[in-house]
Structure formats: structure tokens, C-alpha cells
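Fold and geometry: a report
Here are the chains, one letter per residue:
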Amino acid sequence: MLELKDYRTKVHNDWCPGCGDFGILNAIQMALFEMKLEPHDVAIFSGIGCSGKTPHFVNTYGFHTLHGRSLPIATGAKLANTALTVIAVGGDGDGYGIGAGHFVNTGRRNLDFTYVVHDNQVYGLTKGQAAPTLPKGEKTKSMSAPAIVQGINPIALAITAGYTFVARSYALDVRHLKEILKAAVLHKGSALVDVLQTCPTYNDINTKEWYAGTELPSKTPRLYKLEETGYDGVVKNAQDMNEINEKKGQAIIKSFEWGEKIPIGLFYRNQEPTFEEMIASRMPVFKEVPLTKQDLFHRDISPIFESLT
Ligand code: SF4
Ligand code: MG
């Protein structure tokens, strides 16, 4: 019988004390445990940044890849072994900056995987420069001047790219994040979970207190849960383009709400054929036997040569 401790490693963790990354790590471990996924059936891929260390701390297969490159490697692993549960983790700089092309195109394929982005609006590992989600005009304590370029909206970007599960959660609300992660992993298709993550070392704007709204006149938390408002982002009829466009439109509008009130939860979900299913529709053997189980040494390749003569 698996226990929660079976998803933890003994690798030393040198994240800064109080970092929101700890909440994300705990939520991943708890989600895998509650889903009763065997550690050897899960593979976690990361890029470069503080978030990149996550696979070191989760007792599954793991691959610490290059800056912005976790998604093509995760794609290769999923195609090679479709039975794997594939999770990629990255930072906002890693995934929405240098990895932005891969971010768009992996979602466009609707690969069955989950992408968890530690969104702290700074490049934490390299001393707090402005990352792609830092809004224009904001200045964290490590910047000499305010950001002069627009911040991106990852929720809107994911929806327009083609992700079929798009959600946001908060690193310090581990219970909410864990439930969102479970739903994302269960979803068949590309799932983005953008996680608002506090970086107490470099981001002195979006702090735990800021998210809690302690300086607001109302003293009420900025974060509220979409599921508690009657918001419904789930497409009921995947053949109905009107419904799909309507649900995408409402999700994008909702994702621009940022200030005294910030929504978290599921913005959009639709069930569409996955990349793997599309490949299998052309190559039935892909569905019958994963590439990792196919005999690479005793294959009759003469039909390929014959087709070329
Ligand atoms: Fe966390 Fe920021 Fe420290 Fe990185 S620099 S470990 S994101 S607190
Ligand atoms: Mg970052």
C-alpha cells in the first residue's frame, strides 16, 4: 500500500525559506498519492529555474532538461510510452519566455500531459529580473527601474494556443491546487495549471499579504474561486463551435480580471482528440503497442524500400 512518503525523496532542498514552491511540491506529491498513481508510471520533466529542481524532490521518474525545453522532451516521452503519466513543471520565465514557442505548439497538438507553471513574475534563480508575467510598469525590489514591456496573460495564451484544460491556482492554497492538479492529470489532453507562486526573496509586490488583501480597505482576499461563483468553463458539446467559442471567450475575458479580485480555478475545459489518438488513427500499431515495447531489431522494412522504388 503506497503512502504519501513514498512520493518524497531524500534529496536536499535549498529553496528559500517560505518559498511558494514548497506548496506546489506538496500539492504534486499529494495529488499523485491520492490518485494512487504508481511512482514508476509517472515522469516529471522540468526546465531551468528554481522550479526546475522539482523532479529531484518527487519520487517518480524525472528529467531536469534545458531552459525552456522541457515540453519537447516531455512530448517525446509521452509518444514513446503512452502509458506514462507525463507532468512538466517550469517557471514563467522558463515556459512563457524562452520556451514560449514550445508552450504554444505543445498545446496546439493537444498532447495528453499536464504543465504546471510556477508563476512568480520574476526570474528567481538569476536574482529577480522581470519575467514575462510581470505587468508593465511594475518594479520589484531587485529591479533598477519598472518593467517597460507588457506582461503576458498565460490563461488567454493557453486557450488560444489550443490547450483543452486551462486552470489557475495558488501555491499557498495546497488543497485547491491539489484538486486542480488531479483534474488536470485526469483530463485527456493538454492541461495548463498556472500557479500563482510567492517568491519572498525577489517579488516584494505579489506577496502572501498582497494575495490576502491585507492592505485593501476591505481587507478581503484578492483570490476567489470560480467554482464558487457559478462560473462554468466546461464545453458540453465538443461538436458545437458556437459553444466552444463562447466558452473560450468568457474564459479569456475572465482571465484579464487582475487587481482587487483575481479568479482561480478552472477557466476552460473541452474534450478533443489527443495528439496520440490522432497519430494512432493513422498508425494503428501506435495504439496497440507503445513504441517502448515494440521490437526494434526484428522488423521487416522492405515495404518502405519498395514504396520508394
Ligand atoms: Fe523561491 Fe524565489 Fe527563492 Fe527561487 S528565489 S527559491 S522562487 S523564494
Ligand atoms: Mg519565475
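Since we're looking at a predicted model, the values are computed, not measured.

1. Regarding the nonpolar core
Counting residues in hydrophobic clusters, the biggest one holds 33 residues, and the most contacted among them are Phe103, Phe113, Tyr115, Tyr163, Val166 and Leu192. Of all elements in the fold, only β1 (42-46), α3 (70-80), β3 (85-91), β4 (113-119), α6 (154-161), α9 (241-255), β10 (262-269) and α10 (275-282) reach the threshold of two or more residues within this core. The next biggest cluster of nonpolar side chains, apart from the first, holds 28 residues, and it includes Tyr7, Ala31, Phe57 and Ile180.

2. Focus on the environment of Ser281
Following the sequence through the fold, Ser281 ends up in helix α10. Distance from Ser281 to Leu308, taken between C-alpha atoms, is 23 Å for residues 27 residues apart in sequence. Here the side chain of Ser281 touches Met278 through a polar contact of 2.6 Å, landing on its backbone oxygen.

3. A word on empty space enclosed by the protein
For the structure on display, the rule yields one cavity of 30 Å³ or more. Residue lining of the largest cavity: Ile28, Ala31, Leu32, Ile87, Thr114, Val116, Leu181 and Val185, and that is the complete set. Secondary-structure elements contributing two or more residues to the lining of the largest cavity are α1 (21-34), β4 and α7 (174-186). For the lining of the largest cavity, the element with the highest residue contribution is α1, accounting for three residues. Residue classes in the lining of the largest cavity are distributed as seven nonpolar, one polar and no charged.

4. Some points on the coordination of the magnesium ion (ligand 2)
Donor atoms from the polypeptide that bind the magnesium ion (ligand 2) are Asp92 (OD), Asn120 (OD1) and Val122 (O), placed at 2.1 to 2.2 Å. All donor residues of the magnesium ion (ligand 2) come from one chain, and their arrangement in sequence is D-x27-N-x1-V. Placement of the pair is Asp92 in helix α4 (residues 92-98) and Asn120 in the loop between β4 and β5 (122-123), with a sequence separation of 28 residues. The same class applies to Asp92 and to Asn120, which are both buried.

5. Structural notes on the pairing of β3
Within β3, seven of the seven residues are buried, which leaves it mostly tucked inside the rest of the structure. Alternating positions in β3 separate into two faces, Thr85, Ile87, Val89 and Gly91 on one and Val86, Ala88 and Gly90 on the other, with burial throughout. Both β3 and β4 contribute to a ladder of five bridges, which runs parallel. Among the inter-strand pairings, Gly90 is bridged to a residue of β4, identified as Val117.

Criteria and thresholds
Residues numbered from 1 in each chain as written. Chains lettered and ligands numbered in written order. Predicted model: local features only at pLDDT ≥ 70, side-chain atom pairs only at ≥ 80, totals over all residues. Heavy atoms only, no water. Core = buried A, V, L, I, M, F, W, Y, C linked by side-chain atoms within 4.5 Å. Buried < 20%, exposed > 50% of the residue type's maximum accessible area, 1.4 Å probe, protein only. Helix = DSSP H or I, 4+ residues; strand = E, 2+ residues; numbered from the N terminus. Polar contact = N/O pair within 3.5 Å; in protein donor to acceptor, adjacent residues only side chain to side chain. 1 Å grid on protein atoms, 1.4 Å probe; cavity = no way out; pocket = protein on both sides within 12 Å on 5 of 7 lines; lining within 4 Å. Points joined across faces, edges and corners; volume = space filled by probe spheres on them. Nonpolar A, V, L, I, M, F, W, Y, C, P; charged D, E, K, R; others polar. Donors = N, O, S within 2.8 Å, 3.2 Å for Na, K, Ca; no water. Pairing = 2+ DSSP bridges.

Function cannot be read off these values alone, since they describe shape.
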